[in-house]
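Survey of secondary and tertiary structure
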Amino acid sequence: RLDDAAAVHRLTGGAPAVALHFPWDAVEDLGRLRAHAADLGLRFGAVNPNLFQDPDYRLGSVANPDPRIRAKAVEHLLECVEIARELGSTAQSLWLADGTNYPGQDDLAARHERVVESLAQLYAALPPEQELLVEYKLFEPAFYATDIPDWGSALLICQRLGERARVLVDFGHHAHGTNVEQIVAVVAAQQRLGGFHFNDRKYADDDLIVGSVNPFALFLVFCELVLGGRPLPRLTIDQSHNVEEKVEAMILSVVNIQEAYAKALIVDRRALAEAQLAGDILGGHELLLRAYQTDARPLCGYVRERSGAAPDPIAAFRASGYVARTAEERGGVRV
């Protein structure tokens, strides 16, 4: 995986960090793993604890009514804090599958308090360089109630925990038609926007290549992110590649993000503000469309080339023979 991530970064110049998931990515020697990543020109992004596969978490992890199960979940969270410290990671990124399937299964308010109490133990253990990213999801896998179902719930939890607890937005975790850029605007204004899981979807949490279904929405999110010269939050690609070549899909995702970011940067902000103050509805809309319809590919290619990456990463990847070469090295497994 690190070799593949290094190939993506080498061609795009825009993906220097790798997020890890534990216990999936557990190794015997974390120091050796960190050194190998550094040799490849990579560092580690957020550490993601896994609190949804163990059979003990059938009724929830940190929201479980059994205090012994909650203690087990917290123990894993604290373990991941130490893993992140050894790897040089500066964030814990937490998504919970906790929820209920039937009305009356559990006390919903009590579950919320259990989540806060458990995460407070995690937050108290964070070293100064680490922050906590709290992800939310409207539904799935619970059929009746999800314990952190929306950005408001995540924000409330973060506000109770402390300043280094921030909301993480996943593009696929909303109802159809949800205005994600409005969520970004509000949470960013509260200085609680911690990051994104970039992907795209047609129906639900499809985890498709970012920008593949609704590229305009991606652009509009970046328009909010760059407002006022804000530094970008953590940007993570969280996708599931089943029929496409995985490395090529990641390269295309990075390229799509770079182009959406570039287009957002060329919006005429002064003219947009004047149109908004004047009530010029279509004038403001046209200013956004003008930036969105600009072909940013030559500019992005030029910037990549200046940074030592490939001006056309997809063409360079296909010409490199990486897929065939790695498949042979890995016993026929294609990336």
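Use the structure listed above.
Quantities reported herein were computed from a predicted structural model and do not represent experimental measurements.

Across its full length, the protein chain holds 13 helices and nine strands. With respect to the principal axes defined by its C-alpha atoms, the protein chain has extents near 60 × 55 × 35 Å. Within the span of the protein chain, comprising 335 residues, buried residues form 48% of the whole. Nonlocal contacts in the protein chain, meaning residues at least 24 apart in sequence, comprise 75% of its contacts between residues at least 6 apart. For the protein chain, the exposed area adds up to about 16800 Å²; of that, 53% sits on carbon and sulfur atoms. A distance of 3 Å separates the average location of the 33 positive side-chain charges in the protein chain from that of its 46 negative side-chain charges.

Scanning the model with the defined rule gives 16 salt bridges in all. We note a salt bridge from Asp106 to Arg114, for which the minimum N-O separation is 2.9 Å. The burial state of Asp106 is the same as that of Arg114; both residues are buried. The closest approach of N and O atoms between Lys137 and Glu140, which form a salt bridge, is 2.7 Å. For Glu140, a relative accessible area of 38% translates into the label partly exposed. Among the ionic contacts, a cluster of salt bridges with common partners joins Asp106, Arg111, Arg114 and Asp147.

So, about the side chain of Ser61. Considering the arrangement of structural elements, one finds Ser61 in the loop between β2 (43-49) and α3 (67-87). If we skip the residues at most four places from it in the chain, Ser61 touches Leu51, Ile69, Arg70, Ala73, Leu96 and Asp98.

Moving on, we get to the packing of aromatic side chains. Within this structure, the stated rule accounts for 11 aromatic pairs. Here Phe222 and Tyr261 contribute two aromatic rings whose centre-to-centre distance is 5.6 Å and whose plane-to-plane angle is 40°, an arrangement assigned as tilted. One end of the pair, Phe222, is in helix α7 (residues 215-225); the other, Tyr261, is in helix α8 (residues 246-265), and 39 residues separate them in sequence. Residue class for Tyr261 comes out partly exposed when judged on its relative accessible area of 30%. Lying across the ring of Tyr57, Lys72 places its NZ or CZ 5.8 Å from the centre. Above the plane of the ring of Tyr292 lies Lys263, whose end atom (NZ or CZ) is 4.8 Å from the centre.

Here we come to unusual backbone geometry. For the bond running from Phe22 to Pro23, omega is 15°, close enough to zero to count as cis. Among the secondary structure elements, Pro23 is positioned in the loop between β1 (17-22) and α2 (30-39). You will see that Glu140, though not glycine, has its phi angle at about 75°, which is positive. Phi is positive for Asp207, which is not a glycine, with a value near 55°. With respect to the helices, strands and loops of the structure, Asp207 is situated in the loop between β8 (193-198) and α7. Classification of Asp207 as buried rests on a relative accessible area of 13%.

Turning our attention to the environment of Tyr136. By the element assignment, Tyr136 lies in the loop between β5 (131-135) and β6 (145-146). Using a relative accessible area of 1% as the deciding quantity, one classes Tyr136 as buried. For the pair Tyr136 and Val243, spaced 107 residues apart in the sequence, the C-alpha separation amounts to 27 Å. Setting aside residues up to four positions removed in sequence, Tyr136 forms contacts with Ile148, Pro149, Asp150, Trp151, Ala154, Val167, Leu168, Val169, His173, His174 and Ile183. Within the structure, the side chain of Tyr136 is placed 2.7 Å from the side chain of His174, a separation counted as a polar contact.

It is the contact of helix α9 (residues 269-277) with helix α10 (residues 281-292), at a shortest axis distance of 8 Å, that shows an interaxial angle of 160°. Considered as vectors, α9 and α10 are oriented roughly antiparallel to each other. For the crossing formed where α9 meets α10, the hand is left-handed. Judged by residue contacts, Ala271, Leu272 and Ala275 of α9 engage Gly283, Gly284, Leu287 and Leu288 from α10. Here the contact of α9 with α10 is composed, by residue class, of five nonpolar, two polar and no charged.

For Val254, the position within the fold is in helix α8. For the pair Val254 and Ala15, spaced 239 residues apart in sequence, the C-alpha to C-alpha distance is 7.2 Å. Apart from residues lying up to four places away in sequence, Val254 is in contact with Val8, Thr12, Gly14, Ala15 and Ile237.

Turning our attention to helix α4 (residues 108-125). For α4, spanning 18 residues, the distance from its first C-alpha to its last is 27 Å, which sits close to the expected 26 Å at 1.5 Å a residue. Every buried residue belonging to α4 is among Arg111, Arg114, Val115, Val116, Ser118, Leu119, Leu122 and Tyr123, and all of these are buried. Looking at the buried side of α4, the elements it contacts are α3, β3 (91-94), β4 (99-100), β5, α5 (151-161) and β7 (165-170). With a side-chain oxygen positioned 3.1 Å from the backbone nitrogen of Ala109, the residue opening α4 is Asp107.

Cut-offs and rules
Residues numbered from 1 in each chain as written. Predicted model: local features only at pLDDT ≥ 70, side-chain atom pairs only at ≥ 80, totals over all residues. Heavy atoms only, no water. Helix = DSSP H or I, 4+ residues; strand = E, 2+ residues; numbered from the N terminus. Buried < 20%, exposed > 50% of the residue type's maximum accessible area, 1.4 Å probe, protein only. Contact = heavy atoms within 4.5 Å. Areas by Shrake-Rupley, 256 points an atom, 1.4 Å probe, with all protein chains shown as cover. Lys, Arg positive; Asp, Glu negative; His and termini not counted. Charge placed at Lys NZ, Arg CZ, Asp CG, Glu CD. Salt bridge = Lys/Arg side-chain N within 4 Å of Asp/Glu carboxyl O. Phe/Tyr/Trp six-rings, centres within 6.5 Å; stacked < 30°, edge-to-face > 60°. Lys NZ or Arg CZ within 6 Å of the ring centre and 35° of its normal. Polar contact = N/O pair within 3.5 Å; in protein donor to acceptor, adjacent residues only side chain to side chain. Axes fitted to C-alpha atoms, helices over the stretch in contact; angles between N-to-C directions. Parallel < 35°, antiparallel > 145°, perpendicular 65-115°, else oblique. Left-handed = near helix turned anticlockwise from the far one by under 90°. Nonpolar A, V, L, I, M, F, W, Y, C, P; charged D, E, K, R; others polar. Expected span 1.5 Å × (residues − 1).

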